[in-house]
Amino acid sequence: MIEGVDTIFGYPGGAIMPIYDALYDYNEKLNHILVRHEQGGIHAGQGYARTSGKVGVVFATSGPGATNLVTGLADAQIDSTPLVCITGQVFAHLLGTDAFQETDVINITTPVTKWNYQVTDATEIPEVIAKAFYIAKSGRPGPVLIDITKNAQIQKFNFEGYTPCNHIRSYRPKPIVRQQYIQQAAELINQAKKPFIIWGQGVILGSAEQEFKTFVEKSGIPAAWTILGAGAIPTDHPLNVGMLGMHGNYGPNVLTNECDVLIAIGMRFDDRVTGRLDKYAKQAKVIHLDIDPAEIDKNVKSTVPVWGDCKETLPMLTELVERKVLTEWHDRFKEFTRQEIEAVIDNELNPTSDEMTMGEVIKQLNELTKGDAVIVTDVGQHQMVACRYANLNKTRSNVTSGGLGTMGFALPAAIGAKFGAQERDVIAIIGDGGFQMTLQELGTVMQSKVEIKIIILNNRFLGMVRQWQELFNSRRYSFVDIESPDFVAVAAAYGIAGKCISDRSDLQSALKEMMESKGAYLLEVMVTKENNVFPMVPQGCSVSEIRLK
């Protein structure tokens, strides 16, 4: 509790039983959420961390309990989510003997954690836990796993108090900011005729939203976001020109290859953002602001690397940039937006077909949430549609699996997100495929009484895979036609209210009923089966080769 922990997501078992026995005495001080699967627990921890800005804490037992955390650890590692996972382990003298429920969790999780450590002596526990929290939340955040053998859990020792960690020798979470790079970056920006800002989750992780907004507004530069950066400034901000990437907006993708200075802030040039690297922004001088020096020059060579926490570096840069109004350059983005509305957006949000589209569901939802809800998405077509069209007025409003693309993420992550932001509406938007990967977490919703809203956009396909098979495999639909149970009946079995609709005339009232309902609610919306998400940058193409259809 010294570390600010108020909620733990976990599942008990034999090897972690002593820790759970101690937890019994803290029933009134700590909120433990009993999940239905350890993967659900770690995704819930991620959702909690993403909305609260705090470290998510997860407990699991040894063997399969620990290995069930691996997908979530990998997801948290690539998306820079701070977690402390504590696993039980067999007695130290049994290590390496293939004892019951023994796995080498340290070697298994080394590639997918920021740090991991096995405790075999109880005297190490206070210092190791303190280090775990410090490492998880400092610098570029990430997941930490501490494996505690059972003998260490039951061992008695002279406890002299807990001291939070704020320094580890040889670990430098924040690089030293070099003033000369700030000056070089400002000079490039001030000379630019067509500068372009692209930002990612680093702005949010650094709590630098206000500093970023001030920089954008003073410089007058158009700015576009990666899906994890969404919400750092409001969707409707006049300098927010939209989403980057494979299914991002038309203008930001095409004009990446026309700008003269590209300013990347807290993002890592993921392949879904860059497309073909040998054809990415070759005409531009690149300024890259990042806290992790390993990301500088990893994918895109920078002209000026600005190492450091953007909460520090952005004000320094803002002070030196000139105030500008780039009318002609902004007009270029507006023209591409007009083309995209005409070719894609209008048909998606205002369809004339009999069947509903995913986009019109998001449009109607926006009218009810006013952009103030937390939107949690799974992975697939619905994810791209929600990220493209959901209005986000506040930071920490878009919770999704970005780098790993984990189907099954949304339901448990929404549970955690609600515990991390209890004053906000939390809406999980999920496909019919991904929902079936973790639907057992409806049991967690039932028992914890967490008031989340669930929208299943059901197109009766594994939609994103089907889209690729249509476009690139001559419509050879190989094992993507998925049958589903009666989701409303499944929810009812867990005591959760729900409804299924297939007619457009019912959409507005059904969404209103969902939002006004007390407790959790599941709404299944039957949408058109073979609708594709556009624009799209085909794999292997440059961002300027983005397709509108």
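Located above this text is the structure these notes cover.
In this report, the structure presented in the accompanying data block is examined. Treat the numbers as computed from the prediction; the structure is a model and nothing was measured.

### Some thoughts on the pattern of salt bridges
- Here the structure, examined in full by the defined rule, presents 24 salt bridges.
- For Glu 335, the salt bridge is made with Arg 338, and the minimal N-O distance between the two is 2.7 Å. Separated by 3 residues within a single helix, Glu 335 and Arg 338 lie in helix α14 (residues 327-349), roughly one turn from each other.
- The class of Arg 338 is partly exposed, set by a relative accessible area of 41%.
- Here Glu 470 makes a salt bridge to Arg 475, at a shortest N to O gap of 3.7 Å.
- The partly exposed category is assigned to Arg 475, whose relative accessible area is 47%.
- Because the salt bridges share partners, they merge into one network encompassing Arg 140, Asp 292, Glu 295 and Lys 298.

### Considering helix α17 (residues 410-420)
- With 11 of 11 residues buried, α17 lies mostly within the body of the structure.
- Residues of α17 that are buried: Ala 410, Leu 411, Pro 412, Ala 413, Ala 414, Ile 415, Gly 416, Ala 417, Lys 418, Phe 419 and Gly 420.

### Side note on the layout of surface pockets
- There is about 1,100 Å³ of room inside the second largest pocket.
- Of all the secondary structure elements, the ones that give two or more residues to the lining of the second largest pocket are α1 (17-23), β3 (56-60), β4 (83-89), α6 (125-137) and α7 (150-154).

### Remarks on empty space enclosed by the protein
- Following the criterion strictly, the structure yields 4 cavities of 30 Å³ or more and no others.
- In this structure, the largest cavity occupies an estimated 70 Å³ of space.
- Forming the boundary of the largest cavity are Glu 348, Met 356, Thr 357, Met 358, Gln 381, Val 385, Asn 459, Val 527, Thr 528, Asn 531, Asn 532 and Val 533.
- Volume-wise, the second largest cavity comes out at about 60 Å³.
- Taken together, Arg 50, Gln 201, Ile 204, Leu 228, Ala 230, Arg 396, Ser 397, Asn 398 and Val 399 form the lining of the second largest cavity.
- Residues of the lining of the second largest cavity, tallied by class, amount to 4 nonpolar, 3 polar and 2 charged.

### Looking at the sheet that holds strand β18 (residues 521-526)
- The strand order across the open sheet formed by 6 strands is β14-β13-β15-β16-β18-β17, and the pairing between neighbours is parallel. In the strand order of this sheet, the two ends are held by β14 (398-399) and β17 (497-501), each with one partner.
- Direction of pairing for strand β13 (residues 374-377) relative to β14: parallel, over a ladder of 2 bridges. Within the sheet, the bridge partner assigned to Ile 375 lies in β14 and is Asn 398.

### Regarding helix α4 (residues 70-78)
- Regarding α4, the residues found buried are Gly 72, Leu 73, Ala 74, Asp 75 and Ala 76.
- Those residues of α4 hidden inside the fold are in contact with α2 (38-52), β4, α5 (105-109) and β6 (143-149).
- Immediately beyond the C-terminal end of α4, within one or two residues, lies Ser 80, with a positive phi of roughly 55 degrees.

### Focus on the sheet that holds strand β7 (residues 195-199)
- Read from one edge to the other, the open sheet built from 6 strands follows the order β9-β8-β7-β10-β11-β12, with strand pairing classed as parallel. Every other strand in the sheet has two partners, leaving β9 (240-243) and β12 (304-307) as the edge strands with one partner each. Neighbour-to-neighbour, the strand axes of the sheet open up by a mean angle of 20 degrees, direction not taken into account.
- The pairing of strand β10 (residues 261-265) with strand β11 (residues 285-290) spans 5 bridges and is parallel. Note on β11: the bridge partner recorded for Ile 265 is Leu 289.
- The strands touched by helix α10 (residues 209-219) within the sheet are β7, β8 (223-225) and β10, with β7 carrying the most contacts at an inclination of about 165 degrees.

What counts, and where the lines are drawn
Residues numbered from 1 in each chain as written. Predicted model: local features only at pLDDT ≥ 70, side-chain atom pairs only at ≥ 80, totals over all residues. Heavy atoms only, no water. Salt bridge = Lys/Arg side-chain N within 4 Å of Asp/Glu carboxyl O. Helix = DSSP H or I, 4+ residues; strand = E, 2+ residues; numbered from the N terminus. Buried < 20%, exposed > 50% of the residue type's maximum accessible area, 1.4 Å probe, protein only. 1 Å grid on protein atoms, 1.4 Å probe; cavity = no way out; pocket = protein on both sides within 12 Å on 5 of 7 lines; lining within 4 Å. Points joined across faces, edges and corners; volume = space filled by probe spheres on them. Nonpolar A, V, L, I, M, F, W, Y, C, P; charged D, E, K, R; others polar. Pairing = 2+ DSSP bridges. Contact = heavy atoms within 4.5 Å. Axes fitted to C-alpha atoms, helices over the stretch in contact; angles between N-to-C directions.

These figures capture arrangement, not role.
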